[in-house]
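The lines below spell out each chain.
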Amino acid sequence: MTPLADTPATRRRVRARWRDTDTVFRYAVRAAAALVVVVLVATAVFLVAQAWPALRHYGILSFLSSDRWAPSEATTTARHPNPYGIVQFVYGTAVTSLIAMVLAVPVAVAVSLYLTEVAPGWLRKPLSGLVDLLAAIPSVVYGFWGIFALIPAVRPAGVWLSRTLGSAPGIGPVFAGPFFGVSYLVAGLVLAIMILPIITAICREVFATVPTADKESALALGATRWEMLRMAVLPRSRSGITGAAVLGLGRAVGETIAVTMVIGNSVLSITKSILGPGATMSSVIANEFTESTEPFHLQSLMVVGAWLLVIALIVNTVGKLIVRRTGEDIA
Amino acid sequence: MPTPAPPSDTAAPARLDVVNLTASYHGRPAVADVDLAIEPRQVTALIGPSGSGKSTLLRCLNGLHLTVPGASVTGSVLLDDADIYAKDSNPVEIRQRVGMVFQRPTPFPTMSVRDNVLAGLHLGRRLGRGPHDDLAEQALTKAGLWPEVKDRLKAPGGSLSGGQQQRLCIARALAVDPEILLMDEPCSHLDPISTLTIEDLIREIKETYTVVIVTHNMQQAARVADTTAFLTMPAVGEPGRLVEVGPTERIFSTPRQQTTEDYISGKIG
Ligand SMILES: Nc1ncnc2c1ncn2[C@@H]1O[C@H](COP(=O)(O)OP(=O)(O)O)[C@@H](O)[C@H]1O
Ligand SMILES: [Mg+2]
């Protein structure tokens, strides 16, 4: 037998043969990985293709320049004005997510500090498990709970907010009444509870990576426990907390059923006040796709879906990047 | 009974008296029945084989031991005659009076050199906001680090060399003006030159502080310590005990216990 020529190509082949001794396994995992990519790309292609007639008819940007969603005004011929404005949905998604973050992040940080640093040893596991269980509650149950328990409970607070801050200069419009219950505020509250488990879980991991030596150094300087957390634990965890928050945001942006049940589904114009009813990008799709009979109605919902996909992808990628960078920082 | 403290003038650094101390983890004693007097303005070295409870004993001297889950102590540690484990003692105040430097340098990674030095001073609002460069300079000078870092005060603490980081930690501990400084094998992760620098430093600061140092390096104990205490465990799985304590020269020249002699002559450990 003639010896193989020592070229880069043969070397690569030899190396590959030494590494991959089980071809079936290799192809199986490759196929699984490919499937994920295919599903993602196919979803995006599908959305854009379905939305295409509406995008071509009205123009791509006209959806983003109006806050009036009035399917009944749509005709097969008229192009102007575009009756499918989606700005109010973007606003609704942004406002509800923001409320959720403002409420959930501090609570999640406090809960995870408690779980990792303060709670007695025997309580840590069961309590962490309980927080994780919050993630197991189905979305629709949260919606029900929002309607029948949360709304009555926050009504006094909502009314109070509209009476006091509602007429304040500057921020007044954000808290303007009347408050009927279904609102961005309640949707944000429900979202906050729904994203609490994931943010808490990640923060817990992040805090657990802070070396004991750092914590003891702070204590040895005469720090109280709170000072120790502020000096040794929190500064080291800053980017981890940010990453956790952004991943929670990713959840909040996409959450649908619970939000649809408590947000009031008001689509005709933008409601600035967080005490007023509105709609989010996902809630309008869930609410209308079964009865989208007007011209370009379903296609316009697809436009909303496509933008939602873009936003969700960006938020999740950013969150993952931050969390991963933190991991490297700590290691 | 506590040993009577010598009449102390106000400027004198504190003394420590360990009385019948046993420290345990999850109910298992790691070091037992220790009686030890630690004199001010002296360096006391704790030597002994690994696992003999040197670190545990040291960490009992500022109460850090009790921050470990499952840890407990019996007996007392008298800081200038007041038991730090008494019901009404204030752990935060004690840890401020009894500073500590660890085996690995542990500058806070997100803080600059200066903020590291001042970290302890910002606790409990002892110090308002501000650059406080003078205080940083004082502490860094005491730790012999000032000339090397005076132009890098804003650099991250982690950007210094290992030996510099350890001296930064010493500066940080000295900045809060403790009376006693505990050091747990402060040179075990350092090169020989940095080790000698830190030993020089220890000889200097003992003029104003009470120093307790754990070391597994007997030459180091011989070089820096006035008093040496030897701990060992009688058998595997048993708690460490204090075997012998005395002036360093005497311990190394004419030990009274056979186990001490075996250890320092290299037969065990
Ligand atoms: N955090 C801890 N939890 C449980 N056991 C410990 C802990 N730290 C030390 N020990 C045990 O206490 C004993 C003494 O340890 P240590 O004080 O570190 O000894 P040394 O510093 O002399 O090597 C050892 O048996 C060790 O296993
Ligand atoms: Mg040790």
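Residues numbered from 1 in each chain as written. Chains lettered and ligands numbered in written order. Predicted model: local features only at pLDDT ≥ 70, side-chain atom pairs only at ≥ 80, totals over all residues. Heavy atoms only, no water.

J.: So what exactly am I meant to see when it comes to the domain arrangement of chain A here?
T.: Much of the literature gives interface size as the accessible area that the parts lose upon coming together. All names here are of chain A. Entries for chain A in the domain assignment read domain 1 (8-60) and domain 2 (87-330). Taken over C-alpha atoms, the centre of domain 1 sits 32 Å from the centre of domain 2. On the domain 2 side, the residues contacting the eleven residues of domain 1 number nine residues. Of the roughly 900 Å² buried between domain 1 and domain 2 on both sides combined, carbon and sulfur atoms contribute 86%. Of all residues in domain 1, L47, Q50 and A54 give up the largest surface area on contact with domain 2, accounting jointly for 41% of the area buried on that side. Linking domain 1 with domain 2 are zero salt bridges. (Domains from an automatic or database assignment. Contact = heavy atoms within 4.5 Å. Buried area = accessible area lost by both parts, 1.4 Å probe. Salt bridge = Lys/Arg side-chain N within 4 Å of Asp/Glu carboxyl O.)

J.: Help me understand the nonpolar core, please; the structure alone is not making it clear to me.
T.: Soluble globular proteins tend to bury their nonpolar side chains together. Membership of the largest hydrophobic core comes to 90 residues, with the highest contact counts inside it found for I199 of chain A together with L36, L46 and L61 of chain B. For this core, the element with the most residues is helix 6 (residues 184-208) of chain A, which contributes 16 residues. The contact partners of L61 of chain B, leaving out residues within four places of it in the chain, are L16, V18, I38, V77, I84, V98, L182 and V212 of chain B. Counting residues in each nonpolar core, the second largest holds 41 residues, with L145, A173, L174 and Y209 of chain B among its members. (Core = buried A, V, L, I, M, F, W, Y, C linked by side-chain atoms within 4.5 Å. Buried < 20%, exposed > 50% of the residue type's maximum accessible area, 1.4 Å probe, protein only. Helix = DSSP H or I, 4+ residues; strand = E, 2+ residues; numbered from the N terminus.)

J.: Even after reading the chapter, I still don't get the UniProt feature "domain: ABC transmembrane type-1" (unreviewed entry) in chain A, so can you show me in this structure?
T.: Here, UniProt's "domain: ABC transmembrane type-1" (unreviewed entry) annotation points to residues 90-319 of chain A. Taken end to end, residues 90-319 of chain A has its terminal C-alpha atoms 20 Å apart, with 74% of it in helix and 0% in strand. (UniProt positions renumbered as here; feature names shortened; annotations may be inferred.)

J.: Looking at this structure, I do not really get the environment of S273 of chain A. What am I missing?
T.: All names here are of chain A. Positionally, S273 belongs in the loop between helix 9 (257-262) and helix 10 (281-288). The buried category is assigned to S273, whose relative accessible area is 7%. Once the C-alpha coordinates of S273 and A78 are considered, the two residues, 195 residues apart in sequence, prove to be 32 Å apart. For S273, the residues in contact, after removing those within four places along its chain, are P173, V174, F175, A176 and Y184. Within the local environment of S273, its side chain forms a polar contact with the backbone oxygen of A176, the two atoms lying 2.6 Å apart. (Polar contact = N/O pair within 3.5 Å; in protein donor to acceptor, adjacent residues only side chain to side chain.)

J.: What am I meant to see in the layout of surface pockets here?
T.: To find leftover empty space, one rolls a probe the size of a water molecule over the atoms. Taken as a whole, the largest pocket holds about 570 Å³ of empty space. Surrounding the largest pocket, 21 residues form its lining, E117, L219 and R225 of chain A together with T67 and P69 of chain B being those nearest its centre. The set of elements that each furnish at least two residues to the lining of the largest pocket consists of helix 3 (87-118), helix 4 (121-134), helix 7 (212-220) and helix 8 (225-254) of chain A together with helix 2 (91-97) of chain B. For the lining of the largest pocket, the leading source of residues is helix 7 of chain A, giving four residues. Class assignment for the residues of the lining of the largest pocket results in ten nonpolar, five polar and six charged. (1 Å grid on protein atoms, 1.4 Å probe; cavity = no way out; pocket = protein on both sides within 12 Å on 5 of 7 lines; lining within 4 Å. Points joined across faces, edges and corners; volume = space filled by probe spheres on them. Nonpolar A, V, L, I, M, F, W, Y, C, P; charged D, E, K, R; others polar.)

J.: Teacher, can you tell me more about the site of ligand 1 here?
T.: All names here are of chain B. Near ligand 1 the following residues occur: Y25, A30, P49, S50, G51, S52, G53, K54, S55, T56 and V68. Here an oxygen atom of ligand 1 and a backbone polar atom of G53 are 3.1 Å apart. T56 has a polar side-chain atom sitting 2.4 Å from an oxygen atom of ligand 1. Coverage of ligand 1 by the protein chains reaches 57% of its 560 Å² of free accessible surface. (Near = heavy atom within 4 Å. Areas by Shrake-Rupley, 256 points an atom, 1.4 Å probe, with all protein chains shown as cover.)

J.: I keep staring at the UniProt feature "transmembrane region" (unreviewed entry) in chain A and nothing clicks. Help me out?
T.: Residues and elements named next belong to chain A. The UniProt entry lists residues 27-52, 89-115, 127-154, 174-199, 240-263 and 296-315 under the feature "transmembrane region" (unreviewed entry), expressed in the numbering used here. Strand forms 0% of residues 174-199 and helix 62%; the C-alpha atoms that close the span are 27 Å apart. Taken end to end, residues 296-315 has its terminal C-alpha atoms 29 Å apart, with 95% of it in helix and 0% in strand.

J.: In this structure, what is going on with the interface of chain A and chain B? I would like to understand it.
T.: On the side of chain B, 25 residues touch chain A, which itself brings 16 residues to the contact. Carbon and sulfur atoms make up 65% of the surface buried where chain A meets chain B, a total of about 1,600 Å² over both sides. The largest share of the area that chain A buries against chain B comes from E216, L221 and M231 of chain A, three residues that together contribute 38% of it. Our count for the chain A to chain B interface comes out at one salt bridge. Notably, a salt bridge pairs E216 of chain A with R59 of chain B, separated by 2.6 Å at the nearest N-O pair. Put simply, chain A and chain B have four residue pairs in polar contact (both at pLDDT 80 or more) between them. The set of elements that each furnish at least two residues to the side of chain A that touches chain B consists of helix 7 and helix 8 of chain A. Among the elements that line the side of chain A that touches chain B, the one with the most residues is helix 7 of chain A, at seven residues. For the side of chain A that touches chain B, the per-class residue count stands at nine nonpolar, three polar and four charged.

J.: Looking at this structure, how should I read the packing of helix 7 of chain A against helix 8 of chain A?
T.: Each pair of packed helices can be described by the angle between their axes along with the distance between the axes. Residues and elements named next belong to chain A. Where helix 7 meets helix 8, the closest approach of the two axes is 8 Å, and the angle between their N-to-C directions is 155 degrees. Classified by the angle their axes make, helix 7 and helix 8 are roughly antiparallel. Crossing of helix 7 over helix 8 shows right-handed handedness. Seen from helix 7, the contacting residues are D214, K215, A218 and L219; seen from helix 8, they are M228, M231, A232, V233 and R236. (Axes fitted to C-alpha atoms, helices over the stretch in contact; angles between N-to-C directions. Parallel < 35°, antiparallel > 145°, perpendicular 65-115°, else oblique. Left-handed = near helix turned anticlockwise from the far one by under 90°.)

J.: When you look at the packing of aromatic side chains in this model, what are you seeing that I'm missing?
T.: Any aromatic ring pair is given by two values, namely how distant the centres are and how the planes are angled relative to each other. Residues and elements named next belong to chain A. In total, this model carries eight aromatic pairs over all chains according to the counting rule given. An angle of 70 degrees between the planes, with centres 5.5 Å apart, marks the rings of Y58 and F296 as edge-to-face. Highlighted residues: Y58 in helix 2 (residues 23-58) and F296 in the loop between helix 10 and helix 11 (297-330), separated in sequence by 238 residues. F296 shares its class with Y58; the two are buried. A ring pair is formed by F144 and F148, whose centres lie 5.8 Å apart and whose planes are at 25 degrees; its orientation type is stacked. (Phe/Tyr/Trp six-rings, centres within 6.5 Å; stacked < 30°, edge-to-face > 60°.)

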